[in-house]
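Residues per chain, in single letters:
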Amino acid sequence: MKYHLVALFTIFVWGFTFVSTKVLLADISPLWILLLRFVLGLGILCVMRPHVLRLKERTDEVLFAAAGATGIAAYYLLENVALVFTTATAVGVIVAASPLFTALISAALGDRSSINAHFFCGFALAMAGLIVVGAGTMGEGDIVNFTSFDLFGDMLALTAALVWAVYSTLVARIAQKGYETIVATKRTFVWGVAFILITTLIFDPHAPQPSALLDGQNMLNLLFLGAVASAACFVTWGVAVKHLGATTTTTYIYLVPAITATASIL
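Residues numbered from 1 in each chain as written. Predicted model: local features only at pLDDT ≥ 70, side-chain atom pairs only at ≥ 80, totals over all residues. Heavy atoms only, no water.

Participant: Would you mind showing me how to read the layout of surface pockets here?
Facilitator: To find leftover empty space, one rolls a probe the size of a water molecule over the atoms. Considering only enclosed or pocket space, the second largest pocket measures out at about 240 Å³ in volume. In this structure, the second largest pocket is lined by 13 residues; those nearest its centre are S106, D111, A172, Q176 and A246. Among the secondary structure elements, those contributing two or more residues to the lining of the second largest pocket are α8 (151–176) and α12 (246–250). At four residues, α8 tops the list of elements feeding residues into the lining of the second largest pocket. Residues belonging to the lining of the second largest pocket are distributed by class as follows: four nonpolar, seven polar and two charged. (1 Å grid on protein atoms, 1.4 Å probe; cavity = no way out; pocket = protein on both sides within 12 Å on 5 of 7 lines; lining within 4 Å. Points joined across faces, edges and corners; volume = space filled by probe spheres on them. Helix = DSSP H or I, 4+ residues; strand = E, 2+ residues; numbered from the N terminus. Nonpolar A, V, L, I, M, F, W, Y, C, P; charged D, E, K, R; others polar.)

Here it is in structure tokens:
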């Protein structure tokens, strides 16, 4: 039961990240928000656990690199760009397809325990609920266009859902190899930050103004995103995946749109 609460806590915090990110976007670009967020998170993880991870096998480095590329870099980049082309509601609903992708990936790897009628009925019910709630939270004009969102943005969001499913599967694989969660998360962050840094230097080399970084509200939101939503929650997500499995843990993603909508209202 406690690991379900760990997963619930993680999703609760991540539901608030959209609001914090939106506040920061007024002064800082999306790529720099990601870079600052995960650099801060990596720094905190290094303080928490300065121990250097020793690989059990040299090929395991591929797992950590892939986890950093997917869950740290690609997922957030895809999600942020998707928000430029389509609505937040559409992105929230489409990204919630991640549990389905996770179950399919697990089945392809030989674990078919989650592929059953209960899972697919639950998935259909959850998606229907998300669409109903999403339509109800939009303006009248938006409801008319609910089925005609920009295809490119929708495909980016769908790709993000697939990428997160791959990341969760990789986290489960890393846990199965017996690596400590905090140290493993730190190594994943190193790879993720490297990928985000390269992308930022190529596409957005101009750093934000110092005044934007020193603004009290921005500092608090960056601290929340870096310390809580990144450093703490990626560890708790890893713990949940380790004990509950990737498929069960990712089903909590269904709650993100509802939590985000509530946070926005508050």
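Next comes the rest of the write-up.
Participant: Where do I start with the environment of F9 in this structure?
Facilitator: Along the chain, F9 turns up in helix α1 (residues 2–24). With relative accessibility at 40%, the residue F9 sits in the partly exposed group. On a C-alpha basis, the gap between F9 and A26 in space is 28 Å, while along the polypeptide they are 17 residues apart. The residues touching F9, leaving out its near neighbours within four places in the chain, are C233 and T236. (Buried < 20%, exposed > 50% of the residue type's maximum accessible area, 1.4 Å probe, protein only. Contact = heavy atoms within 4.5 Å.)

Participant: What am I meant to see in the side chain of D60 here?
Facilitator: Positionally, D60 belongs in helix α3 (residues 60–85). For D60, a relative accessible area of 2% gives the class buried. In this structure, D60 is in contact with L55, K177 and Y179, ignoring residues within four places of it in sequence.

Participant: Would you mind showing me how to read α1 here?
Facilitator: Residues three or four positions apart in an α-helix share a direction because the helix packs 3.6 residues into each turn. The first and last C-alpha atoms of α1 sit 33 Å apart over 23 residues, in line with the 33 Å expected at 1.5 Å per residue. The largest bend along α1 measures about 25° and falls at T17. For α1, the set of buried residues is A7, T10, I11, V13, W14, G15, T17, S20, T21 and L24. Looking at the buried residues of α1, the elements they touch are α2 (30–48), α3, α8, α11 (216–244), α12 and α13 (256–265). (Expected span 1.5 Å × (residues − 1). Bend = angle between axes of the 7 residues up to and from the residue.)

Participant: Explanation requested: the packing of helix α9 (residues 181–203) against α11 in the structure shown.
Facilitator: The description of two packed helices rests on the angle between their axes and on the distance between the axes. Orientation of α9 relative to α11, taken along the N-to-C sense of each, is 120°, at an axis distance of 9 Å. By the angle class used here, α9 and α11 are oblique. With respect to the hand of their crossing, α9 and α11 are arranged in right-handed fashion. Each of T181, I182, T185 and F189 in α9 lies in contact with α11, whose residues at this interface are S230, A231, F234, V235, G238, V239 and K242. (Axes fitted to C-alpha atoms, helices over the stretch in contact; angles between N-to-C directions. Parallel < 35°, antiparallel > 145°, perpendicular 65-115°, else oblique. Left-handed = near helix turned anticlockwise from the far one by under 90°.)

Participant: Mind showing me how you'd approach the nonpolar core here?
Facilitator: In globular proteins that are soluble, nonpolar side chains generally tend to be buried together. With 60 residues, the main nonpolar core has I11, W14, F38, W164, F234 and W237 as its most contacted residues. Contributions of two or more residues to this core are made by α1, α2, α3, α4 (88–95), α8, α9, α11 and α13. Judged by nonpolar contacts, the second largest core, of 10 residues, contains A96, L100, F123 and Y254. (Core = buried A, V, L, I, M, F, W, Y, C linked by side-chain atoms within 4.5 Å.)

Participant: Honestly, the packing of aromatic side chains in this entry has me stumped. Any pointers?
Facilitator: The geometry of two aromatic rings is summed up by the distance between their centres and the angle between their planes. Within the structure shown, the criterion is met by 17 aromatic pairs. Look at Y76 and F234: their rings are 6.4 Å apart centre to centre, the planes differ by 50°, and that puts the pair in the tilted class. Here the residue Y76 occupies a position in helix α3, and F234 occupies one in helix α11, the gap between them amounting to 158 residues. Here Y76 matches F234 in class, with each residue buried. With a centroid separation of 6.1 Å and 70° between ring planes, the pair formed by W164 and F234 is classed as edge-to-face. Taken together, the positions of W164 in helix α8 and F234 in helix α11 put the pair 70 residues apart, joining distant regions of the chain. With respect to burial, W164 and F234 carry one shared label: buried. Joined through ring pairs, the aromatic side chains of W14, F38, Y75, Y76, W164, Y167, F189, F234 and W237 make up one cluster. Positioned over the ring face of Y179 is K56, at 5.5 Å from the centre of the ring. (Phe/Tyr/Trp six-rings, centres within 6.5 Å; stacked < 30°, edge-to-face > 60°. Lys NZ or Arg CZ within 6 Å of the ring centre and 35° of its normal.)

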